[in-house]
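Letter by letter, the chains look like this.
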Amino acid sequence: MGSIAAFNEQANSGNLAILTRVDKLRELIGTKVALPQGKLVVVGDQSSGKSSVLEGLTGFGFPRDAELCTRYATQITCRRETEESIDVSIIPHADAAHHEQERVKEFHKKLKEMTPESLAQLFKEANETMGIRSSTKSTGPDGSSLPAFSEHILKIEKLGPKESHFTVIDVPGIFRQETEGVTTEADIELVMNMVKKYMKDARTIILAIMPSNVDPATQEILRLAKKADPAMTRTMAVLTKPDLAIESTIQQIPIGYVLGNRGDLLLGYYIVKNRGPDDANMTLEQGQAEERRFFSKAPWSGLQNTGKAGITALKERVRELLADLIKKEFPKLKADVAKELSTLRSQLDKMGPSRSNQHTQRAYLNKMSEEFQTLARDALNAYYTGNPIFEEKHQFRLITRVVEAREKYSEIMLEKGHTRPFADDQEPHKKDTESGKPPPPPLSDSSDDIDNCELFEHNGYPELEEIFDAADTIVPKPSGGDDIFEYIEAVYRDSRGQELGTFGGALVSTMFKEQSKKWKHITLSFVGGVIVAVHRFIVEAIREICPDSRVRDELWDGYLLEELQVSYRRAMDHAKFLLEIEREGVPLTLDHYFNENLQKAQSGRLVTAIEQQGTTTTVPVKDPRGYDTGTSLSGIFLSRTQLNNLSFNMGNPEQVRTHMHDVLKSYYKVSRKRFVDVVCQQAINYYLLQGAGSPLKIFSTQMVLSLSEDQLDMIAAEDAPVKLGREKLGRDIKNFEEALKVLKGSG
């Protein structure tokens, strides 16, 4: 029995060279990159001789039983491999129901040889699996009528050392009349759509099969090919059954087309003689010998020198066309191979040199630490153009995330940090003395506001849970009512001594501690959020610079994580230390801003008293010589009597209470600004970002140099899988380099 290997018998040297290059590529990279493979689609009417042409091209003896004629697309793929095998499966149609797809996927056969008998049995089993109507079975288990055709694909893959790279697709023959009880109008449309779909693939050669006893100019298959291939650069006509053209005038029609006197196909018309119904027991070799005898007789003998008569000539021409198709795919294949080679080299470069001793192990870790420090330095300096990772993953933009958190912290401390709002802050027409802008809508000062404002993210890393104390997240409730004067009154009455118009300094400490109750929750939440941001950066950076998961895990679990936890605790403890100093100690400041605020509060009340007792009037403006300038100023007039009697009409307790409020407010503002700055400068900038003990400074050259030989071996030594992976990468790189040479014609 013949095979596609027969294509090689008369191949010209150029096409043979192309297929030889494909063979080399398959040996080198066949399992890594999709290699080009020529593809044919055989189309025509029912009974046009398609099966005989397929037999001649593939060497497969297709069954001639009418019940086993093509009812679905059959994809026959031949490929050169060292081992011989014939595998058969079904490719389910994409639009089929899921259970239907799973069912047909289970169909799988292995054949030892392709005989007409084995193929007939194969098609019977495939028809049954696809649920196609037969003479013995026309309905399914549910009583529904079985279809005559299927959109599933029967795939036959033949591998062997003598095969060429070749795929041919046989589709059902076109028919135009339905057969009662067998085919329907829907079947006619389904087959037509199937034929059109396979013809439109621009990388497929169309073999349009037509019998010789009809004029090709009248054949619908050529009109369909013209729509799929307007330039007709990949369409070739094959005329079959010339023995049926008995009359001389009919014989001259196919002869004229083959000679090129008729028709306008760029690839031309070829003619083959099929085995007839009486030749069922004839082998393919015997059939080809009979074909040669047929074309040696008049009037067909005039076609012998055209190179277009007989299955051998057709196979040679098809092989040339497929080689041309493969050649057209080489530029894209070359680009794919070059891209894959670059990826492989990058993977090997990331692995670094072989790590068989402490010197190479230390050098490997040191290189990683330098990459980490470069990444950290760029992240802290907002130098985001130094590495593409900053554009791909915004969590690497560390300092930007920290600045956002810092601004949010300052804003929350300003708007929600106090336990009770100060008296002047509740006046709707006052401006915020810090921003110069109208204040935001009054905020409730209950602890629920802080709970619901989602301060900073703390989740996602179980290893950080021990850093955060759950007790620190509880927002304390105010002691007493929400009115600050009522609170001050209660404190004063509960703590006053015999002072005349004054109060003890201890009261300021008590009131300030109460007014700054929320600082702990807000501050520790802020510091914890920055810890999470820093930790996320370190985790992602280590993953980025260390592709070896074993080394990464050993480095992380065996050294880095413990050191990081220590540095995080140090930052959190320092934040608590700052809280203790600011809130628990004696109120103290040398900032002149405290006195300015206090004087502004007191002078503000004086101005209010003047406005209440004085009279608004307009006074003319005079120049230095005493002459009237013609302009005037509006102001408040007080008589000397009014001025002498000017007072705030407050009792001693009320006077003290108001003064206590002003002192508390003035000191609170100074303390809050000072505290926010110190937390950001020390707990964040020093302990978490820039200081010598910062978590970002742990994985450094100094750390690598301090590792013992045992630690180095534990962390950086290559295990068996890594060694095998390195060797495999080396082999793959060598194969792809050779493949690139083959594609360039130098290999």
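(A) Looking closely at the overall build of the protein chain. The helix and strand tally for the protein chain stands at 24 helices and 11 strands. Counting over 747 residues, the protein chain shows a buried share of 46%. Put simply, 79% of the contacts in the protein chain that link residues at least 6 apart link residues at least 24 apart. Of the roughly 38500 Å² that the protein chain leaves accessible, carbon and sulfur atoms contribute 50%.

(B) Here's a closer look at the pattern of salt bridges. Going through the model one piece at a time under the given rule, you end up with 21 salt bridges. A salt bridge links Glu290 to Arg293; the shortest N-O distance between them is 3.0 Å. One end of the pair is Glu290 and the other is Arg293, both in helix H8 (residues 284–295) and 3 residues apart, which spans about a single turn. Using a relative accessible area of 27% as the deciding quantity, one classes Glu290 as partly exposed. Through salt bridges with shared partners, a single ionic network connects Arg420, Glu514 and Lys517.

(C) Region of the structure containing the sheet that holds strand S9 (residues 269–271). Overall, mixed pairing links the 9 strands, which are arranged S4-S3-S5-S2-S6-S1-S7-S8-S9 in an open sheet. In the strand order of this sheet, the two ends are held by strand S4 (108–111) and S9, each with one partner. Pairs of neighbouring strands in the sheet enclose a mean axial angle of 20°, with direction left out of account. Relative to strand S6 (residues 166–170), strand S2 (residues 73–80) runs antiparallel, the two sharing 5 bridges. Across the sheet, the residue bridging to Ile76 is Val168, located in S6. On top of the sheet, helix H5 (residues 185–199) reaches strand S1 (38–44), S2, strand S5 (153–160), S6 and strand S7 (205–211); it is set at about 150° to S1, its chief contact.

(D) Region of the structure containing the nonpolar core. Leu365, Leu398, Val527, Phe537, Ile538, Leu689 and Phe699 are the most contacted members of the largest nonpolar core, which has 92 residues in total. Sort the elements by how many residues they give to this core and helix H17 (residues 519–545) lands first, with 16 residues. When near neighbours in sequence (up to four residues on either side) are disregarded, Leu689 contacts Leu380, Leu398, Ile399, Val402, Val534, Ile684, Ser694 and Leu696.

Reading guide: rules and limits
Residues numbered from 1 in each chain as written. Predicted model: local features only at pLDDT ≥ 70, side-chain atom pairs only at ≥ 80, totals over all residues. Heavy atoms only, no water. Helix = DSSP H or I, 4+ residues; strand = E, 2+ residues; numbered from the N terminus. Buried < 20%, exposed > 50% of the residue type's maximum accessible area, 1.4 Å probe, protein only. Contact = heavy atoms within 4.5 Å. Areas by Shrake-Rupley, 256 points an atom, 1.4 Å probe, with all protein chains shown as cover. Salt bridge = Lys/Arg side-chain N within 4 Å of Asp/Glu carboxyl O. Pairing = 2+ DSSP bridges. Axes fitted to C-alpha atoms, helices over the stretch in contact; angles between N-to-C directions. Core = buried A, V, L, I, M, F, W, Y, C linked by side-chain atoms within 4.5 Å.

Scope: geometric values only; no functional claims are made or implied.
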